[in-house]
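Working through the structure, step by step
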Amino acid sequence: AYLLNEVPELISVPHCVVFYNHAPPGSFVPWQGSGLDVVQLNPSEGIGTRRLPYGCHHTKMFIVGFSDGTLRLIIHTANLRYDDIHVKAQTAYIQDFPLAQDGVNVRTEFEDDLVSYFDTYNYTNKRHWAGMCGSKESLSERIRRYDFSSAKAVLIPSTPGYHKIHGSKRMYGHLKIRKAVREHATRSCPAGTDDTSSIICQFSSIGSLSKKYLLDLQCSMDANFDIKSEARKVLRLKLVFPTVEEVRTSIEGYAGGGSVPAPSKNVTKDFLQSLWHRWSPSRGGSNDNPLFKGNHIPHLKTFYQCDNDQSFLWLVLASHNLSKAALGEVVNSAKYGEQRFFVRHWEMGVFISSRLLGKERLVPWSRDAISSQNASIATIPLPFKSLPDAYEKSDEPWKWDVKSHPNPDKFGRFSLHDC
């Protein structure tokens, strides 16, 4: 109902397919009689013959076909609800693609990843899609009609299941990030030298993690990874996550914390405490960047590595939160008799780097970067500091299960439980 209120023209779109995990009762009643097809995807209730507890469909993506033959792909971080769209900090990747020329077959990794992702939905209904004539096609068949050779990113999908690691053409989660980093990111320091780059993980939810798992993620995300270096055993990730005070003083107050699900047991582990970094600049710090959204609850998810000069070695924009369920983990599978990569969620993200964009440097947007008009530099409109500030002594990570906090928000509430 919210989506139709915002974009009532959708009711007249000839063909619309909605893949979703959860929706309030009656959400699709206004669409009755239109060209809508609704498909619920919930791994917790079963995929084929297997149930995956705690699994969900978490991808946020639009694919829009226009009558002129253009396909628009939008991979973003917002749920389709008022507060997500209007008052939370979000981000999106948007790119248009043309129809492929007749007789020209330009298959790309981007196309294969996108089609194989949708194949996991098992949606095989055939339709006459926008701008087409002739026989009906499935969604995957229609996607194959487009030319994705101009893609400026690498897709980072996650799909539920136990995936082969060795000898597989498809990779998911943090293993796909690892592959993209090795192939498309540039080292910022030679092997055997001190690495001063930072790896930042910014997210809106955190699972129950171990130090070993974070070291595995660090390995996947490190463009300067050196197997011979003892530094690889030192956890140096910077975890950007809102403090209790940042949630309390946000424009939503404690109610906004409902979109930052973080149980106390997950954020109070000892090895995490030195890794926490603020969503907004430290008190007294500069906050003059008009893109900074420190007063808004963060619902975006970004992962990146940057140098001290704030050049990005690579960046991922994604629906993935910091969890094994989303980013996957290597497990020993008795059923398959080998190691498998286990994922519980459907997720989607994009990996970009200066090399993929055909630029010399990739930097966060700033007035200086724009004013320089340097054609060799690409900018990223990041809504927080690219080199974030560490928690102050009085800061503590947001915990959504606390029954009452010492100070009220501007609405007079003392916790999420009062909302």
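Just above sits the structure.
Residues numbered from 1 in each chain as written. Predicted model: local features only at pLDDT ≥ 70, side-chain atom pairs only at ≥ 80, totals over all residues. Heavy atoms only, no water.

**What about the overall build of the chain?**
The helix and strand inventory of the chain stands at 11 helices and 17 strands. Relative to its length of 419 residues, the chain is compact, with a C-alpha radius of gyration of 22 Å against a globular reference of 22 Å. Each principal axis of the C-alpha distribution contributes one length, and for the chain these read about 65 × 55 × 55 Å. Classification of the 419 residues of the chain by burial places 51% in the buried group. Put simply, of all contacts in the chain between residues at least 6 apart along the chain, 68% involve residues at least 24 apart. Of the roughly 19900 Å² that the chain leaves accessible, carbon and sulfur atoms contribute 51%. With 50 positive and 43 negative side-chain charges, the chain shows a spacing of 5 Å between the two charge centroids. (Helix = DSSP H or I, 4+ residues; strand = E, 2+ residues; numbered from the N terminus. Rg over C-alpha atoms; globule rule 2.2 N^0.38 Å. Buried < 20%, exposed > 50% of the residue type's maximum accessible area, 1.4 Å probe, protein only. Contact = heavy atoms within 4.5 Å. Areas by Shrake-Rupley, 256 points an atom, 1.4 Å probe, with all protein chains shown as cover. Lys, Arg positive; Asp, Glu negative; His and termini not counted. Charge placed at Lys NZ, Arg CZ, Asp CG, Glu CD.)

**Observations regarding the environment of Val350**
Note that Val350 resides in strand S15 (residues 347–352). The class of Val350 is buried, set by a relative accessible area of 2%. Sequence-wise, Val350 and Ile63 are 287 residues apart; in three dimensions their C-alpha atoms are separated by 15 Å. Excluding residues that lie within four positions of it along the chain, Val350 makes contacts with Ile75, Tyr93, Ala153, Val154, Leu155, Ile156, Leu315, Val316 and Leu317.

**Quick word on the pairing of strand S7 (residues 161–164)**
Looking down a regular strand, the side chains alternate between one sheet face and the other. Of the two faces of S7, only the one carrying Gly161 and His163 is buried; Tyr162 and Lys164 on the other face are not. Relative to strand S14 (residues 338–343), S7 is paired through 4 bridges, and the arrangement is antiparallel. Paired with Lys164 across the two strands is Arg340, which belongs to S14. (Pairing = 2+ DSSP bridges.)

**Some points on unusual backbone geometry**
Peptide bonds are, in most cases, trans, and in most cases residues other than glycine have a negative phi. Positive phi, normally seen in glycine, also occurs at Tyr54, with a value near 70°. With respect to the element layout, Tyr54 can be found in the loop between strand S2 (36–40) and strand S3 (61–65). We note that Asn122 has phi near 55°; this positive angle belongs to a residue other than glycine. Structurally, Asn122 is set in the loop between helix H3 (109–119) and helix H4 (139–143). For Asn122, a relative accessible area of 60% corresponds to the exposed category.

**So, the layout of surface pockets**
Reported here for the second largest pocket is a volume of approximately 400 Å³. As for the second largest pocket, its lining consists of 20 residues, and the residues nearest its centre are Asn289, Phe292, Gln310, Trp365 and Ser366. Looking at the lining of the second largest pocket, the elements with two or more residues in it are strand S16 (361–364) and helix H11 (367–371). When residues in the lining of the second largest pocket are grouped by element, the largest group, 3 residues, is from S16. (1 Å grid on protein atoms, 1.4 Å probe; cavity = no way out; pocket = protein on both sides within 12 Å on 5 of 7 lines; lining within 4 Å. Points joined across faces, edges and corners; volume = space filled by probe spheres on them.)

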